[in-house]
Structures are given as C-alpha cells and as structure tokens.
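Letter by letter, the chains look like this.
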Amino acid sequence: STTGACQAIQKLTRVRVVDNSALGNTPYHRPPKCIHVYNKTGVGKVGDKILLAIKGEKKKALIVGHKMPGPTMTPRFDSNNVVLIEDNGNPIGTRIKTPIPCTLRRREGEFSKVLAIARNFV
Amino acid sequence: RVSSDGKPPKFQPPPKPVIIDRKTQKEERRFLSPEFIPPRGRTAPLKYYIERKDMIQRRKVFNIPEFYVGHVLAVTTADPYASDKSKRFVGICIQRGGKGLGATFVLRNVIEDQGVEICYELYSPRIQAIEVLKLEKRLDENLMYLRDALPEYSTFDVNMKPVPRMDHEEIPVNKLQVRMKPKPWSKRWERPKYNIKGIKFELPEHKMKAAQKWSQPWLEFDMLREYDTSKIEAKIWKELSEELEK
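Each value, and the rule that gives it
Residues numbered from 1 in each chain as written. Chains lettered and ligands numbered in written order. Predicted model: local features only at pLDDT ≥ 70, side-chain atom pairs only at ≥ 80, totals over all residues. Heavy atoms only, no water. Helix = DSSP H or I, 4+ residues; strand = E, 2+ residues; numbered from the N terminus. Buried < 20%, exposed > 50% of the residue type's maximum accessible area, 1.4 Å probe, protein only. Lys, Arg positive; Asp, Glu negative; His and termini not counted. Salt bridge = Lys/Arg side-chain N within 4 Å of Asp/Glu carboxyl O. Contact = heavy atoms within 4.5 Å. Buried area = accessible area lost by both parts, 1.4 Å probe. Polar contact = N/O pair within 3.5 Å; in protein donor to acceptor, adjacent residues only side chain to side chain. Pairing = 2+ DSSP bridges. Axes fitted to C-alpha atoms, helices over the stretch in contact; angles between N-to-C directions. Core = buried A, V, L, I, M, F, W, Y, C linked by side-chain atoms within 4.5 Å. Expected span 1.5 Å × (residues − 1). Arc of directions from axis to C-beta. Phe/Tyr/Trp six-rings, centres within 6.5 Å; stacked < 30°, edge-to-face > 60°. Lys NZ or Arg CZ within 6 Å of the ring centre and 35° of its normal.

Undergrad: Can you tell me about the side chain of B:Arg191, naming the residues and giving the values?
TA: All names here are of chain B. The residue Arg191 is located in the loop between strand 7 (173-174) and helix 3 (205-211) in this model. Buried charge without a salt bridge: Arg191, with Glu190 as the nearest opposite-charge side chain at an N-O distance of 5.0 Å. Apart from the residues within four sequence positions on either side, Arg191 is in contact with Ala211 and Trp214.

Undergrad: Can you explain the interface of chain B and chain A? Please cite residues and give values.
TA: Taken together, the contact between chain B and chain A spans 23 residues of the former and 18 residues of the latter. Here chain B and chain A share an interface that buries about 1800 Å² over both sides, 54% of which is from carbon and sulfur atoms. Its largest share of buried area at the contact with chain A, chain B owes to B:Tyr81, B:Glu112 and B:Gln114, together 37% of the area lost on that side. On the surface where chain B and chain A come into contact, there are 2 salt bridges. In this structure, A:Asp78 and B:Arg108 form a salt bridge, with 2.9 Å as the shortest nitrogen-oxygen distance. Between chain B and chain A we count 11 residue pairs in polar contact (both at pLDDT 80 or more) in total. Going through the elements one at a time, strand 2 (86-97), strand 3 (104-111) and strand 4 (114-121) of chain B are the ones with two or more residues in the side of chain B that touches chain A. At 8 residues, the largest contribution of residues to the side of chain B that touches chain A is made by strand 4 of chain B.

Undergrad: Give me the lowdown on unusual backbone geometry, citing residues and values where you can.
TA: All names here are of chain B. Each neighbour pair has its own omega, and for Lys183 with Pro184 the value is 10°, a cis peptide bond. Turning to its location among the elements, Pro184 is positioned in the loop between strand 7 and helix 3. Unlike most non-glycine residues, Glu112 shows phi in positive territory, near 50°. One can find Glu112 in the loop between strand 3 and strand 4. Taking the relative accessible area as the measure of exposure, Glu112 reaches 37% and is therefore partly exposed.

Undergrad: Outline the pattern of salt bridges, supporting the account with residue identities and numerical values.
TA: Close approach of charged atoms lets side chains of opposite charge pair. A complete count under the given rule lists 16 salt bridges over all chains for this structure. With a shortest N-O distance of 3.1 Å, A:Asp78 and A:Arg76 are connected by a salt bridge. With relative accessibility at 10%, the residue A:Arg76 sits in the buried group. Across the salt bridge formed by B:Glu239 and B:Arg52, the nearest N and O atoms sit 2.8 Å from each other. Note that B:Glu239 is positioned in helix 4 (residues 230-245) and B:Arg52 in helix 2 (residues 45-61), a separation of 187 residues in sequence. B:Glu239 gets classed as partly exposed once you look at its relative accessible area, which sits at 23%. Residue B:Arg52 is classed as buried on the basis of its relative accessible area, which comes to 11%.

Undergrad: Can you explain the sheet that holds strand 3 of chain B? Please cite residues and give values.
TA: The strand order across the open sheet formed by 6 strands is 5(A)-4(B)-3(B)-2(B)-1(B)-5(B), and the pairing between neighbours is antiparallel. The sheet terminates laterally at strand 5 (75-77) of chain A together with strand 5 (127-134) of chain B, the two strands that pair on one side only. Averaged over neighbouring strand pairs, the angle between their axes works out to 35° when direction is ignored. Looking at chain direction, strand 3 of chain B and strand 4 of chain B are connected through 8 bridges and run antiparallel. Across the sheet, residue B:Phe105 finds its bridge partner in strand 4 of chain B, namely B:Tyr120.

Undergrad: Account for the nonpolar core, with residues named and values stated.
TA: Residue and element names in this part refer to chain B. Counting residues in hydrophobic clusters, the biggest one holds 50 residues, and the most contacted among them are Phe105, Tyr120, Tyr145 and Leu146. Top contributing element to this core by residue count: strand 2, with 5 residues. Residues within four places of Leu146 in sequence aside, it is in contact with Ile92, Ile94, Arg108, Tyr153, Ser154 and Val178.

Undergrad: Outline helix 2 of chain B, listing residues and values.
TA: All names here are of chain B. Compared with the 24 Å implied by 1.5 Å per residue over 17 residues, the 25 Å span of helix 2 between its first and last C-alpha is a close match. Taken as a whole, helix 2 has its buried residues at Tyr48, Glu51, Arg52, Met55, Ile56, Arg58 and Arg59. All buried residues of helix 2 lie within an arc of 160° about the axis, which places them on one face of the element. Every exposed residue of helix 2 that faces more than 90 degrees away from the buried side is listed here: Leu46 and Val61. The inward-facing, buried residues of helix 2 abut strand 5 and helix 4.

Undergrad: Break down the packing of aromatic side chains for me, with residues and values.
TA: Here the structure, examined in full by the defined rule, presents 6 aromatic pairs over all chains. Here the aromatic rings of B:Phe105 and B:Tyr120 are separated by 5.8 Å at their centres, their planes lie at 35°, and the arrangement is tilted. With B:Phe105 in strand 3 and B:Tyr120 in strand 4, this pair connects stretches of sequence that are 15 residues apart. Take B:Phe105 and B:Tyr120: they sit in the same class, and that class is buried. Ring pairing ties together the aromatic residues B:Phe67, B:Phe105 and B:Tyr120, which thus form one cluster. Above the plane of the ring of A:Tyr38 lies A:Lys60, whose end atom (NZ or CZ) is 4.6 Å from the centre. One Lys or Arg, A:Arg105, reaches over the ring of A:Phe121 and ends 4.3 Å from the middle of that ring.

This is how it looks when you write it as structure tokens:
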C-alpha cells in the first residue's frame, strides 16, 4: 500500500513529469522523486525549483502545480506537476499539454522559455 | 335546444374562468443566498448588518445569479498575467462555503486529463462575469467526492452553450449515482458522517456494515445543535428586497 500524494512538494515526494521529454515519459520501475527543494523552507510551491531523481539521474525541475490549496483564485491540481529543466533554466521537453497556472507569468524573466512551450493556461 | 316541457331550458351560468396568476406564483419561491445567513455565535448583529449592506452594494453593481452545488458555471476573472487581461473557467460547483463577504465557491473541471479546482470569492472585485450554463441540483450539498470518482463525471466542455431554462419554478434534481475509482479515497465516503447519497458504492456488504459502526444516531436529536433559521431568513429577505428595489 502506498501513502497518498503529499500536498505541497518537499523531499521524497513523488511527482508527475508533465512535458514531453524522453526522460520524463519513458517508464521506469521507480517513480520520479524530489530530493531537494531550492527554497529557504524545505517546502516547494508553484514556481519553485527542485532537484529530481529520475531513472537513476539527478535533474532540476520546476513546479507547475500541486495538490495543496493555495491562495483563492489560484488553481489547485489533482496531481503534483513538474517540468524538467536544465541548470540555466531551459526546459528539456518541447511541449506542455497540461494546464499551467497564470501566476507563473509574473516571473516572466526566469520562466519565459517554459511559458513559451506551454499550451493551456488556467 | 328543445326541452320536453316546451319552456326555455334552465339558464346555466357559464363556468367561472380560472385565473392563473403567474406573477404571484413566481414570488412564492424565494432564494436567499446561504452566505447572508449569519452563523450561530455571540458576535454582535451589527457586524453582520454592515456586511450585508456591503454585499447588497456589490450585488447592485454586479449580478450574482442564483446557483446551487451541482450547477455548471462559467466565471470570467480579471487577471493581469493572462492574455487579453481576462480568464474564463468553466466547472461544476462542488462546494459553497464561508459567510458574509468572504463567501467562496469551488469549481472543478478536468482539462487534458488533469483535474483542476479553483476556489473563487463571490464578492471579489476581480470577478467580471458569472454565467450559469447548466441548472441542476444534485443529491448532496458537498460534491468533494468527485475527486475520487471517475474523471468522466467531472469533465465539462469549455465551450459548452448555456442550457435554456425551462420553468421559472423548479430546479431539477439530478439523481445521478457516481461510480468511484478503486480505493484508497481521500476521505472514507462510505461512513455515515458524510451522509452521501450520490455515490454508487460497489463495496462488499461487510464493508458497508463495518462503516455503520461510526454512525452517531443521537446527533439528530441533539437540541443544542439546533439552529432554526426561518425567522432570521424572513427578516433578511425583507431587508434584501427593500434595498434592491431602491
């Protein structure tokens, strides 16, 4: 039996990779897990960078949605969604089908490339 | 007609016309939004009176339609970070909470296989329009179990056209029994504390019986928990209708 998914993202949470990169979509016997959150508190919310362990490799990723209810008027997703990213901020995949919250547009400078490949905004 | 006597037939007055007064029938059904009813407590009623005045002010400027849990709504909000500065979200209302100006409602929809829920504040100035697309009450007042139900029950087309309203009288109740994903669920919906009638439980009999162990049948007879709102509602309704006519 497995525990239910954690609400906000912290160390050892299983996440769902949402873009169409090869790393994120090839099946592996272990789900991708967060090993570090780049934040003063160890809790990651939408727009935070985390370190992911996927297929035996370490990769940075950006949180685009979590199960924890945030401020009113912001969307709450049914799964913890994450987009794989390089160290300089370039996304690895080429398309993001799942909806992304509009609040990420506030930090247009850092996430412009991720927002450019996103299709739907909620 | 020729009668047997030869005298003219007895005068029979014409049947009285039955007047169906549509206007009075409309007024019989009054809907008071649940956030107007003050919660039970020891706060001074002045606070709720002032809040109600602000709520009425907002309602005069912006029309908040009558809706219940289970309706499909489309909400347009103002967002500086969205293209065209406004955002439209369509979803089924699963919960209405909060009292006074902080009243909220949660809309749920499944977009591209991803379930999304947004909690909107009814009286927020960011909301530009609320349209009711489908009028339908459900068997429960809290549809949080849709999170553990199969995703087909929460999907609604974003470009759905508003279903025209038939009568100005009754809102139809949809007696849909929703099928769930396999357990584990986020909450144990089979327990009597949630009192859910809208799920088709496919659990074995012994599990349903075991869930009844947590039933608290004495709660409905508890007099200290009674909160009779009929008089309060009548007063608030009078106040509302007076203010809105001005």
